[in-house]
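For reference, the chains in residue letters:
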Amino acid sequence: MSQISSNTIRTHTPSDRLLDRLHGKASAPEFCLISIDDLLNNRATTSTEDLDSGRLNAWGNSFPAEELPAPGARIEIAGIPFAWARSHAEGDNVRCEGQVIEIPPGQYDWIYLLAASERRSENTLWAHYADGTADPLRLGVSDFLDGTPAFGELPAFSTERMHYPHHVQQGLPTTMWLSRVGMPRRGRATALRLPRCVALHVFALTLLTGIDVRLADGAAR
Amino acid sequence: MTRTAQQPTLWTRDLGSCLHATLATVLLHDGHDPVTVLGAPWEFRRRPGDWTSEEYYFFAAPDSLAKRLALFHPFESAWHRSDASAPGDGLDELRNALAAGVLPIAAVDNFHLPFRPAFHDVHAAHLLVVCGITASEVLVSDAQPPGFQGAIPIPDFLAAWGSPNPRDDADVFFSASPSNRRWLQARMRGPVPEPDAGWVGQVLRDNLTRYRQGSTEETQTGMAGLRRYLDELCALTPGTEATDEALSELYVISWNIQAQAGLHAEFLRRQGEKWRVLELAEAAAGVDAVAHGWTGVRMTGAHARVWGRQRFDELRAHSTELVRRLDIALDQVERAADALSKAT
C-alpha cells in the first residue's frame with residue numbers, strides 16, 4: 001500500500017512563531033499572534049484569475065480572495081487580533097494533517113482560530129506542556145457553505161459569492177469561522193498539534209491568556 | 001396553470017442532501033414536521049454493490065425510500081417514469097399529480113438548471129420539487145444552496161428531467177446516472193403517531209435494537225455492519241479501479257447516513273427541550289459527534305478519490321474514531337431513553 005509519509009513539520013522555532021505579543025494592562029488579556037506561514041499547504045482562496053486552483057473541498061471550491069484580508073494583514077475579529085497568513089501560490093491555509101506548532105512557552109487559556117470546514121468537523125487538537133503532559137482538546141468547526149454555527153462559533157467572514165473551478169457563483173455565501181478551544185490546564189504549554197482531518201482548514205491562530213492567569217503569574221495590577 | 005395552493009417552504013440542513021430537503025418540503029406542504037418524521041429513525045444499512053451515483057441515494061430496500069427514511073410514520077413513496085411521447089411532453093403526469101394535491105419530486109441533472117451552480121458546467125444527479133406548470137414554465141422549489149424557488153422555461157426543465165446525465169470527470173460521485181424523466185411521489189398514507197413520551201422512548205429503543213443486533217452477509221446493518229464495512233474499505237489497495245469505485249460509493253452512501261445522524265441529533269435536542277430531560281440533550285451531542293465522525297471518513301475518502309491523496313492510514317483512524325463515537329452515543333441514547341421513561 002503506498003502511503004504519503006506523515007513526517008512532523010518543525011521548521012519554525014517558538015520564537016520565530018511569535019509574530020506579536022500584545023500585552024496590554026494586567027487588567028486585560030494578553031494575545032500571542034502565532035505565525036503558521038511555514039505550514040501553508042492548501043489553496044482555499046482564489047482570485048478570478050486562478051479559480052481552478054481552489055482545493056477547499058473535494059469539488060475544488062474556494063473563498064473569493066477579494067472578500068478576505070490581504071496576505072500578512074493584521075486584523076481583529078470580535079476583539080481577537082490575528083495575523084493573516086502570508087499566502088503564496090501553493091498555500092494560503094493549513095489543511096490539518098497533524099502538524100505540530102511549537103509556541104512560546106507560556107500559560108494560555110484560549111486557542112483562537114480562523115477556520116473553515118468541508119462539512120462540520122469535530123476533532124482533537126493536542127496541547128503539549130513543558131512537564132510532558134498532553135491534553136486532547138475538542139475543536140469543532142462548522143461547514144463553510146451553510147452558515148449555520150453548529151458549534152456556537154461566530155462568523156469571522158461571510159462572503160457574498162463562492163468560487164468554482166470554472167466560474168464565480170454569485171448569491172452563494174460562504175463562511176469562515178472564529179473558533180476557539182479552551183485550555184483548562186494551568187501549565188506551561190509548549191506546542192500544539194493540529195487535528196488529523198483533511199476537511200479542516202486553519203487560516204490564522206492567536207493564543208489568549210486571561211486576566212486571572214496573568215495576575216496569578218505575577219503581572220502587576 | 002396547474003399549481004399547488006401555496007408556495008412550498010424551503011427546508012434544508014447543513015448535513016443534508018436534496019433527498020431530505022425535498023421530502024421535508026413535501027411533508028411541510030402536507031402539514032407534517034420534517035424533524036419529527038425524518039429525524040426519528042437512526043441507523044446504518046448497506047447492501048454491498050447496491051448504490052447509484054446520485055446525491056439522493058439511500059439504501060431503502062425492501063421498503064420505499066420515504067418509508068425507510070421515516071420508519072416510525074406511514075410515509076410512503078413510489079418512483080414513476082414519465083413517457084416523453086405522452087401528451088404534454090410527459091408533463092401531464094406531473095400536472096395530474098399537482099391537481100391531486102401532490103408535490104412531485106423530479107430527478108434532474110444540474111447541468112441544465114439555470115439556477116444551479118453546475119449550470120452548463122457539470123453533470124450531477126439531483127432532486128427538486130415541482131410546484132406548478134404553466135403553458136411555458138415549470139415552477140420549481142430547490143432548497144439546497146444557493147436555494148431557489150421560481151419558474152424556469154419548460155425546455156430547461158425537460159432537458160434536466162430527461163438528461164442522460166453522462167459521466168463527468170468534474171463530478172465523479174453524482175454523474176453517470178440518467179434522470180430518465182423519473183419522479184417520486186411521497187405521501188403520508190395513514191394516521192401519524194402522537195409524539196408523546198412513550199412514542200419517543202419506543203423510537204429510541206427501536207433505534208438501539210437495530211444498531212445492536214447482528215449484521216448479515218447480504219445486508220450490513222447496525223454497529224456490526226458498520227464495523228465490517230469500514231474494515232473492508234480500509235483494507236483496499238490505493239490507486240486501483242476497485243478502490244476508486246469503493247471510495248465513490250463511500251461518499252455517496254454516507255451522505256444521507258450522515259444527514260440522518262445530524263437530523264436525529266436535532267430530533268433528540270428538541271425532545272430534550274420538550275420533556276426537560278437533560279440526558280436527551282447529551283445523547284444529541286453524542287449522535288452529533290457520530291455525524292461529525294462521518295466527515296472525517298467521508299472527506300478522507302473523497303480526497304483520495306478526487307485529488308489522489310491516498311491516506312488510508314487516516315481513513316482507518318477516522319473509521320476507528322467513528323465506531324468509538326457510535327459506541328458511546330448508543331450508551332447515551334439508552335441512558336436518555338431510561339431517563340425519559342422515569343421523567344414522564
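Structural notes, computed from the coordinates. (Residues numbered from 1 in each chain as written. Chains lettered and ligands numbered in written order. Predicted model: local features only at pLDDT ≥ 70, side-chain atom pairs only at ≥ 80, totals over all residues. Heavy atoms only, no water.)

Moving on: the overall build of chain A. Helix and strand counts for chain A come out as 2 helices and 15 strands. Relative to its length of 221 residues, chain A is compact, with a C-alpha radius of gyration of 17 Å against a globular reference of 17 Å. Oriented by its inertia axes, the alpha-carbon framework of chain A measures out at about 55 × 45 × 30 Å. Each of the 221 residues in chain A was classed as buried or not, and the buried ones make up 54%. Sequence separation of at least 24 residues holds for 72% of the intrachain contacts in chain A that already meet a minimum separation of 6. (Helix = DSSP H or I, 4+ residues; strand = E, 2+ residues; numbered from the N terminus. Rg over C-alpha atoms; globule rule 2.2 N^0.38 Å. Buried < 20%, exposed > 50% of the residue type's maximum accessible area, 1.4 Å probe, protein only. Contact = heavy atoms within 4.5 Å.)

Here we take up the overall build of chain B. Along chain B, the regular secondary structure elements total 10 helices and 9 strands. Compactness check: chain B gives a C-alpha radius of gyration of 20 Å against a globular reference of 20 Å for 344 residues, within 12% of the reference. Taken along its principal axes, the extent of the C-alpha atoms in chain B is 55 × 50 × 35 Å. Taking all 344 residues of chain B together, the buried fraction comes to 61%.

We now examine the interface of chain A and chain B. Taken residue by residue, the interface counts 34 residues in chain A and 37 residues in chain B. Taken over both partners, the interface formed by chain A and chain B buries close to 3000 Å², and the fraction arising from carbon and sulfur atoms is 54%. If you sort the residues of chain A by the area they bury against chain B, Trp59(A), Arg119(A) and Arg120(A) come out on top, with a joint share of 27%. Here chain A and chain B share 3 salt bridges between them. Its salt-bridge partner being Asp14(B), residue Arg120(A) comes within 2.7 Å of it at the nearest N-O pair. (Buried area = accessible area lost by both parts, 1.4 Å probe. Salt bridge = Lys/Arg side-chain N within 4 Å of Asp/Glu carboxyl O.)

So, about the side chain of Arg116(B). Residue and element names in this part refer to chain B. Structurally, Arg116 is set in the loop between β4 (105–109) and β5 (125–133). A polar side-chain atom of Arg116 sits 3.2 Å from the main-chain carbonyl oxygen of Pro145. Contact partners of Arg116, with chain neighbours within four places excluded, come to Asn110, His126, Asp142, Gln144, Pro145 and Pro146. (Polar contact = N/O pair within 3.5 Å; in protein donor to acceptor, adjacent residues only side chain to side chain.)

What follows deals with the environment of Leu208(A). All names here are of chain A. With respect to the helices and strands, the residue Leu208 is situated in strand β15 (residues 196–209). Classification of Leu208 by relative accessible area gives buried; the value is 9%. Taking the C-alpha atoms as reference, Leu208 lies 9.9 Å from Arg21; in sequence the two are 187 residues apart. Setting aside residues no more than four positions away along its own chain, Leu208 makes contact with Pro29, Glu30, Phe31, Ile80, Tyr108, Asp109, Trp110 and Tyr112.

Our next topic: the pairing of strand β6 (residues 137–142) of chain B. Residue and element names in this part refer to chain B. Here β6 lies mainly inside the structure; 5 of its 6 residues are buried. In this structure, β5 lies alongside β6, joined through 4 bridges in antiparallel fashion. Looking at the pairing, Val130 lines up with Val140 of β6. In this structure, the hairpin formed by β5 and β6 is closed by a connection of 3 residues. One ladder, built from 6 bridges, connects β6 with strand β7 (residues 148–153); its direction is antiparallel. Counterpart to Glu137 in the pairing with β7 is Pro153. (Pairing = 2+ DSSP bridges.)

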